[in-house]
Amino acid sequence: MNNLVFQKNRDLDLIALGRLAVDLNANEMGPMEETSTFSKYLGGSPANICIAVSRLGLKSGFIGRVADDQFGRFIINYLKDSGIDYSNVTVDESGAKTGLTFTEIKSPTDCSILMYRYNAVDLKFDICDVKEEYIKRSKAILISGTALAASPSREAVFAAVELARKHKTVVFFDIDYRPYTWKSVEETAIYYSLLAERCDVIIGTREEFDMLEMISDPDNEDDDVTANKWFDYNAKIMVIKHGKEGSYAYTAEGKKYTGAVFPVIPVKTFGAGDSYAGGFIYGLMQGYDPGKAMELGAASASIVVSSHSCSDAMPDINKIHRFIKQYDGEKSYDVKNI
Ligand SMILES: Nc1ncnc2c1ncn2[C@@H]1O[C@H](COP(=O)(O)OP(=O)(O)O)[C@@H](O)[C@H]1O
Ligand SMILES: O=C(O)C[C@@H](O)[C@H](O)C(=O)COP(=O)(O)O
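Scoring rules and cut-offs
Residues numbered from 1 in each chain as written. Chains lettered and ligands numbered in written order. Predicted model: local features only at pLDDT ≥ 70, side-chain atom pairs only at ≥ 80, totals over all residues. Heavy atoms only, no water. pLDDT = per-residue confidence, 0-100. Contact = heavy atoms within 4.5 Å. Pairing = 2+ DSSP bridges. Helix = DSSP H or I, 4+ residues; strand = E, 2+ residues; numbered from the N terminus. Axes fitted to C-alpha atoms, helices over the stretch in contact; angles between N-to-C directions. Salt bridge = Lys/Arg side-chain N within 4 Å of Asp/Glu carboxyl O.

**Concerning the confidence of the model for the protein**
Argument step 1. With 96% of its residues at a pLDDT of at least 70, the protein reaches an overall mean of 94.
Argument step 2. In the model, residues 331-338 has pLDDT below 50 throughout and makes 23 contacts with residues more than four positions away in sequence or in other chains.
Argument step 3. Interface scoring of the predicted complex returns ipTM 0.98; its pTM is 0.96.

**Topic: the sheet that holds strand β7 (residues 110-116)**
Strand-to-strand pairing in sheets goes through backbone hydrogen bonds, with the strands running parallel or antiparallel.
Argument step 1. Within the open sheet, the four strands sit side by side as β3-β2-β6-β7. Their pairing is mixed. What marks the edges here is a single partner per strand, and that holds for β3 (38-43) and β7. Going from strand to strand, the sheet's axes swing by 25 degrees on average, the running direction of each strand aside.
Argument step 2. In terms of strand pairing, strand β6 (residues 100-107) meets β7 through seven bridges, oriented antiparallel. Residue pairing across strands places S107 opposite D110, the latter belonging to β7.
Argument step 3. Of the strands in this sheet, β2 (21-26) and β3 are in contact with helix α1 (residues 45-55), which crosses β3 at around 75 degrees.

**Regarding the pattern of salt bridges**
Argument step 1. The final tally for this structure, using the stated rule, is 20 salt bridges.
Argument step 2. Overlapping salt bridges, with partners in common, bring together R65, D92, D126 and D129 in one network.

Pasting the structure below:
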């Protein structure tokens, strides 16, 4: 059980908003200067999370814009083939382009991404793309913070959150801070904070919360303090992630859950956050307590970092259960209710 109330009689479980993009993942290991081939996948953090939950069996939809080009059509076809409702994904006619993420895998643990986001189409969705009737149809929405980086998607996100609150649609917020999309840390912190105040569940890495709180001294980091700050607003559940060290979840009622990691030999490091969020949101929407939901998220992340892609590799629930079972008895993970 958890403390979120999902409205019944809604035909959609989750609507994600914002970035529909393309990942071009290096096929060869090594510096990108020397990479010659890349594999194309659907990308964009909210798109990856939407794929993750739909593969786990949730009925999901998307609000956003794609470019009127081959990449835009690739994205729409991918959503369609994944059973995601794309009726609120608009084809943008301004000439804006699909955001591209090139990934570099120097070694399985030394990876980076290079984003091409000049005139990115995912920041072009506007208030008119956010329909009250659509938000009302869903039990929850998912915001990814990058959509706050510029107008008009910034205002569209705030409008969606207000409509969600009006209709008791749960708001998940994945901070998803991509520095190069923003002008300054100060601007970022302001918009992130304004949005965080309005959300039910906030998920971010320790570094992302440091940005939000403008903390530059690691000695001042304190997960308990961070979590409690947002409970004074609207948050019911807070998640603070620490990479391969694990994560913590807090509830407004004062419970703290520790989520450990399923150790694997990774193929690359990226994709962990999106798969974790997908498994975690799915778990909460099944009514599981945050500890169990984190376990699903961590297992999903381990599966995805062991694969070449993010979106294509998102597991179904049977794969997650089989994966968790492998660890039974070995105590390689331990979700404690403390
Ligand atoms: N190398 C890894 N091996 C196994 N699980 C991982 C690894 N890195 C991250 N994870 C899992 O994914 C979760 C989220 O990862 P994290 O790196 O904190 O997110 P992000 O990708 O957003 O930075 C972690 O809490 C952990 O459960
Ligand atoms: O979000 C993007 O635009 C890029 C993603 O598609 C990419 O796969 C990635 O960086 C995943 O991020 P993570 O899950 O936070 O590691």
